[in-house]
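# Structural overview
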Amino acid sequence: MHKNQQLLFSILFLFLFGWKSNAQEKNLYPKNEFRGVWIATVVNIDWPKTATDGVEKEKADYLEILEAYKKLNYNAVIVQVRSVGDALYPTELAPWSRFLTGKEGQAPNPYYDTLAWMIEEAHKRGFEFHAWLNPYRATFDLNKQQLSPNHDIFKHPEWMIEYAGKIYYDPALPEVQEHLTKVVKEVVDKYDIDAIHFDDYFYPYTVSGKTFNDTASYKKYGAGLSIGDWRRANVSNFVHTISTMIKASKPWVQFGISPFGVWRNKSQDPKGSETQSTSNYDDLYADPVLWMDQKWIDYILPQLYWSMNNPRASYSKLVKWWSENSNNTALYIGHASYKIRGDNDKSWNFASEIPNQIDYARSFKKVSGSAYFSSKWFMNKNFDIVRLLEENQYKYPALPAAVPNLKHIVIDIPVVNEYSKDNSKYTFTIKNPLNTKVRYMVIYGGDHVSKVDINDATKIIDKITVHETGDVITFNIPAEKISKYKACAVTFIDYYANESTPAAIDLKKTFKPYTPAQPNENR
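Residues numbered from 1 in each chain as written. Predicted model: local features only at pLDDT ≥ 70, side-chain atom pairs only at ≥ 80, totals over all residues. Heavy atoms only, no water.

If you look the protein up in an unreviewed UniProt entry, it shows as Glycosyl hydrolase-like 10 domain-containing protein from Flavobacterium collinsii.

What follows deals with the overall build of the protein. Looking only at helices and strands, the protein has 15 helices and 18 strands in total. A compact globule built from 523 residues should have a C-alpha radius of gyration of about 24 Å, and the protein, at 25 Å, falls within 12% of that. A principal-axis box enclosing the C-alpha atoms of the protein has dimensions of 85 × 70 × 45 Å. Going through the 523 residues of the protein one by one, you find that 56% of them count as buried. Partitioning the intrachain contacts of the protein with sequence separation of at least 6 by distance along the chain shows that 73% fall at a separation of at least 24. (Helix = DSSP H or I, 4+ residues; strand = E, 2+ residues; numbered from the N terminus. Rg over C-alpha atoms; globule rule 2.2 N^0.38 Å. Buried < 20%, exposed > 50% of the residue type's maximum accessible area, 1.4 Å probe, protein only. Contact = heavy atoms within 4.5 Å.)

We now examine helix α3 (residues 55-71). In a regular helix each residue adds 1.5 Å, so 17 residues correspond to 24 Å; α3 covers 24 Å between its end C-alpha atoms and thus fits that length. Where α3 is buried, its residues touch β1 (34-39), β2 (76-82), α4 (98-101), α5 (114-124) and β3 (128-133). Of the residues trailing α3, Asn73 is marked for its positive phi of about 65°. (Expected span 1.5 Å × (residues − 1).)

It is worth spelling out the packing of aromatic side chains at this point. One pass over the full model with this rule turns up 39 aromatic pairs. Consider the rings of Trp321 and Trp322, whose centres lie 5.0 Å apart with planes at 85°: the pair is edge-to-face. Taken together, Tyr69, Tyr74, Tyr372, Phe378 and Tyr394 form an aromatic cluster joined through their ring pairs. Positioned above the aromatic ring of Tyr495 is the side chain of Arg439, whose terminal nitrogen or guanidinium carbon lies 4.0 Å from the ring centre. (Phe/Tyr/Trp six-rings, centres within 6.5 Å; stacked < 30°, edge-to-face > 60°. Lys NZ or Arg CZ within 6 Å of the ring centre and 35° of its normal.)

Read around the barrel, eight strands follow the order β1-β2-β3-β7-β8-β9-β10-β11 and close on themselves; strand pairing throughout is parallel. Bridging between strand β7 (residues 195-198) and strand β8 (residues 254-257) involves four bridges; their strand directions are parallel. Residue pairing across strands places Phe198 opposite Ile257, the latter belonging to β8. Along the sheet, helix α9 (residues 227-249) contacts β7 and β8; its crossing angle with β8, the most-contacted strand, is approximately 155°. (Pairing = 2+ DSSP bridges. Axes fitted to C-alpha atoms, helices over the stretch in contact; angles between N-to-C directions.)

With respect to the helices, strands and loops of the structure, Tyr394 is situated in the loop between α14 (383-391) and β12 (416-421). Given the relative accessible area of 1%, Tyr394 is considered buried. As for Tyr394 and Ile461, which are separated by 67 residues in sequence, their C-alpha atoms are 15 Å apart.

This model, assessed by the stated rule, comprises 24 salt bridges. Put simply, Lys49 and Glu64 hold a salt bridge, and the shortest N to O gap is 3.9 Å. A residue pair is termed long-range when its members are at least 10 positions apart, and Lys49 in the loop between β1 and α3 and Glu64 in helix α3 qualify at 15 residues. Judged by relative accessible area, Glu64 falls into the partly exposed class, the value being 32%. Of the charged contacts, one joins Asp214 and Arg231 as a salt bridge, the two residues approaching to 2.9 Å between their closest N and O atoms. Of this pair, Asp214 sits in the loop between β7 and α8 (215-221) while Arg231 sits in helix α9; the two residues are 17 residues apart in sequence, bridging distant segments of the chain. Relative accessible area serves as the criterion here: at 2%, Asp214 is assigned to the buried category. Arg231 sits in the buried class, given a relative accessible area of 10%. (Salt bridge = Lys/Arg side-chain N within 4 Å of Asp/Glu carboxyl O.)

Structural data, given as structure tokens:
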């Protein structure tokens, strides 16, 4: 699209939706904003690119994704580590994924713990790592010959229901819920993740002419409920169990869910949205409004995979609906980058669609970020949209804020032990805090020690991963990133994503602490 056309379209859009210019101005470069991207591994959607790639290529391709999204100032990756009863990590509870190694049950060769490595590399670059699991989907098709003998289909066929060309765990069975809770708990306990993430797959999407045959379970456990209420209760009980387990194990680990974008249609419920669509409540037997009310989830990320003015399900109306109906959680918006120039809705042919969606979502106080499905759509394609985001919406870094249930004050303030500089780098040594488990340190630039604005995203110089090593934290900042400033400020970010009060440093001076001579006890 021609630049002038893009400008005209944006002005017209603002007029139509009646924005106040000061609201847009205020949120132009938010300092706190979740910017996530889904990295799908099932059937090699995003990564690995093929199931037969060698380990070195797999690693290089994953790092390429991280570098591309770091350049775009994203700050979270949502990586699918279990998709169809398998695993991208070593476990006795599921076989290695065939999408990783080419053969289910076969470990990587040369061997490495794929998940541990992915988390480490993401954290190095300042990303939150959200471990994405599909709990209920057991297979992607009916070809059992490609499954490992250790797959649950063979170990526990009584847990399975075949439906519309796939096989699912029966959500009603207590033993299924217990097993899947163990699966999630192992990931929480063993790995340094920032969040557990579920997507929209609960009970399967309805396929015309097919029946999800859970009649036996319903007869055994239905307890007089309607089948709809019973199925919703099965899902909600599982969500509650996972939430409780996570907080008991690692209270800083978030639990996030990205449901289908419509809770209920207004035709089904006066509280629903003005849409004509499949719905969570009535078709997938998922009730995200209940999960928020009960504080079982830390963030909700509805998949609003429609254009701004789609006649059946409008992105615009749905952002407004979710902003008015979300509570007790952070609210992020899911965007359909996979539809760009590939959908019957011709709105997706405009380069302005995604940027306008971001701008519109930012006009709602309750919306605090976005995520995109999926990573490959801004990788070596859609260059015009990537450029628009680089130059506008995502021009500067942002930090994910602590989610509502995890907010608290960080009582420690960074204490600078030493600061020095040379032609290539600036080196800082910070005293390790006594009371705070630090995930990152953030460095801001300014013109004077009294005028460093840590609320200004344009002043973020870098975000440094902290590794606990003794009594001090030492890190370097490349000179080209920091030399234009006369002062800087340093803050702690704890594991809950809360930020400390800053400590200011005068960059015109270098210093080392004075250490008094110690008495010689042997004199």
